[in-house]
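Chain and residue survey
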Amino acid sequence: NKAPVQVKVVLLGDSGVGKSSIVLRFVADNFKSDGEATIGASYMGKILQFNDKTIKFNIWDTAGQERYHSLAKMYYRDANAAIMVYDITKKGSFEGLKKWQKELADFGPKDISIIIAGNKEDLVECEATSPEEAKAFAKSIGALYKKTSAKTNYGVEQIFRDLAAKLFPE
Ligand code: GTP
Ligand code: MG
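Residues numbered from 1 in each chain as written. Chains lettered and ligands numbered in written order. Predicted model: local features only at pLDDT ≥ 70, side-chain atom pairs only at ≥ 80, totals over all residues. Heavy atoms only, no water.

1. A few points about the coordination of the magnesium ion (ligand 2)
For the magnesium ion (ligand 2), the full set of protein donor atoms is Ser20 (OG) and Thr38 (OG1), at a range of 2.1 Å. In this pair, serine 20 sits in helix α1 (residues 19-28) while threonine 38 sits in the loop between α1 and β2 (41-50), placing the two residues 18 residues apart along the sequence. When its relative accessible area of 27% is taken as the criterion, serine 20 is described as partly exposed. Overall, the relative accessible area of 16% leaves threonine 38 in the buried class. (Donors = N, O, S within 2.8 Å, 3.2 Å for Na, K, Ca; no water. Helix = DSSP H or I, 4+ residues; strand = E, 2+ residues; numbered from the N terminus. Buried < 20%, exposed > 50% of the residue type's maximum accessible area, 1.4 Å probe, protein only.)

Next comes the structure, spelled out in structure tokens:
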């Protein structure tokens, strides 16, 4: 019985894209349609069995509202992984990722593993962003790209498994 491997993950992205909802779904298999905007940041932990490893994800869910922007650095600067989230129905939220990517590149850990999550996949009929563009952007920064829905649970655990696979290649 080995001690779990600790992995620090930070979620970044505009307010309202569903960062807290993704974490709530992953950690507690729950969804709230009337959740409140995060103030500052919040922490949740979750243990996941991955191959022969026990991984403890220490998840820091940051606030997307502009007034908290400067706080995010405290959370990403020693993170192993970042989940950059946008809302597939909001073009501006995809553009917002470019500023987060630049900031991570400038001030974040050099070896941070990044996954881009196009959230609200359940609203795909209202998609306002191009998945091809998102994929190309992800590829250009060495990140993975996946769609998720915190509402339906589509792809949520998978993004954490993808990060684990990236961090602990066999
Ligand atoms: P900040 O804390 O302000 O940065 O926002 P956030 O990114 O944490 O967003 P939050 O998780 O609070 O979600 C914002 C709104 O989107 C809430 O009303 C959620 O119920 C809704 N939402 C989140 N994920 C999904 C999803 O996958 N599908 C749909 N339809 N709604 C979602
Ligand atoms: Mg939040």
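2. Description of the pattern of salt bridges
Think of it this way: side chains of opposite charge can pair up when their charged atoms draw near. As enumerated under the stated definition, the model contains twelve salt bridges in all. Residue glutamate 133 is joined to lysine 98 by a salt bridge in which the shortest nitrogen-to-oxygen separation is 3.7 Å. Taken as a pair, glutamate 133 in helix α4 (residues 131-140) and lysine 98 in helix α3 (residues 91-107) lie far apart in primary sequence, 35 residues in all. Overall, glutamate 133 belongs to the partly exposed group, its relative accessible area being 31%. The partly exposed category is assigned to lysine 98, whose relative accessible area is 32%. Measuring nitrogen to oxygen at the nearest pair gives 2.8 Å for the salt bridge that ties lysine 102 to aspartate 106. Here lysine 102 and its partner aspartate 106 are both found in helix α3, four residues apart, which amounts to about one turn of the helix. (Salt bridge = Lys/Arg side-chain N within 4 Å of Asp/Glu carboxyl O.)

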